[in-house]
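Fold and geometry: a report
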Amino acid sequence: MSFAMSRADREKFLAEVRVGVLGVVDPRGDLAPLQVPVWYGYEPGGEVVVETNRDSLKARLVRRAGRFGLCVQDESAPYRYVSVEGPVVAVDDPVDPAVRAALAHRYLDPVTAPAYLEANRRQLADDVVLRMRPERWRTADFAVFAEEFS
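So, here is what we can say about the structure in this document. (Residues numbered from 1 in each chain as written. Predicted model: local features only at pLDDT ≥ 70, side-chain atom pairs only at ≥ 80, totals over all residues. Heavy atoms only, no water.)

**As for the packing of aromatic side chains**
- Evaluation of the coordinates by the stated rule reveals four aromatic pairs.
- The interplanar angle of 50° and the centroid separation of 5.5 Å between the aromatic rings of W39 and Y116 together place this pair among those described as tilted. Here W39 is found in the loop between strand 2 (34-38) and strand 3 (48-53), whereas its partner Y116 is found in helix 4 (residues 112-119), with 77 residues between them in sequence.
- Assessed through its relative accessible area of 30%, W39 is described here as partly exposed.
- Taking relative accessible area as the criterion, Y116 reaches 28% and is therefore assigned partly exposed.
- Through a chain of ring-to-ring contacts, the aromatic side chains of W39, Y107 and Y116 assemble into a single cluster.
- The ring of F13 has R18 lying over it, and the distance from NZ or CZ to the ring centre is 3.7 Å.
- A cation sits over an aromatic face here: R106 above Y40, 4.8 Å from the ring centre. (Phe/Tyr/Trp six-rings, centres within 6.5 Å; stacked < 30°, edge-to-face > 60°. Helix = DSSP H or I, 4+ residues; strand = E, 2+ residues; numbered from the N terminus. Buried < 20%, exposed > 50% of the residue type's maximum accessible area, 1.4 Å probe, protein only. Lys NZ or Arg CZ within 6 Å of the ring centre and 35° of its normal.)

**So, the packing of helix 3 (residues 97-107) against helix 4**
- It is the contact of helix 3 with helix 4, at a shortest axis distance of 8 Å, that shows an interaxial angle of 130°. The angle between helix 3 and helix 4 falls in the class oblique. Our pair here, helix 3 against helix 4, has a crossing hand that is right-handed. Packed against helix 3, whose contacting residues are R100, A101, A104 and H105, the element helix 4 presents A113, P114, Y116 and L117 at the interface.
- Looking at side-chain class alone, the contact of helix 3 with helix 4 contains six nonpolar, one polar and one charged residues. (Axes fitted to C-alpha atoms, helices over the stretch in contact; angles between N-to-C directions. Parallel < 35°, antiparallel > 145°, perpendicular 65-115°, else oblique. Left-handed = near helix turned anticlockwise from the far one by under 90°. Contact = heavy atoms within 4.5 Å. Nonpolar A, V, L, I, M, F, W, Y, C, P; charged D, E, K, R; others polar.)

**Remarks on the environment of R100**
- Along the polypeptide, R100 turns up in helix 3.
- On the accessibility criterion, R100 (16% relative accessible area) is buried.
- In the structure, R100 is positioned 28 residues away from V128 in sequence and 9.6 Å away in space, judged by C-alpha atoms.
- Every residue in contact with R100, bar those within four places of it in the chain, is listed here: E51, V95, L117, L124, A125 and D127.

Encoded structure:
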């Protein structure tokens, strides 16, 4: 029995609003990969977009590695997840204000998003956008498995 999602299902799932966990190799000694929760943007067939401070450890490690992974999950049963990994195809510096606004509006309601952008405009001016082209996908949708227990 395969739990893998179809291409259309995995891309739709990734495009839904979720917090992702970005993972990137940390070459400092014998450390595990850096894994941090992030807001991200994705449209089916497109690139994964993550905004972060240009001098953050995350940004430095992603630039060094030239790639990163992102994992998102559904925390309610039946559980599902999509993990995607690929090369960084661009680092936008400075960030296009439309991209920044789109991410804020993706995660915040219409009243809070503009307030967030205004309150954080100085901090956000130090950000870059990392663009990753999905290459490798790992997915699971346990709905079929869960039906056996219903």
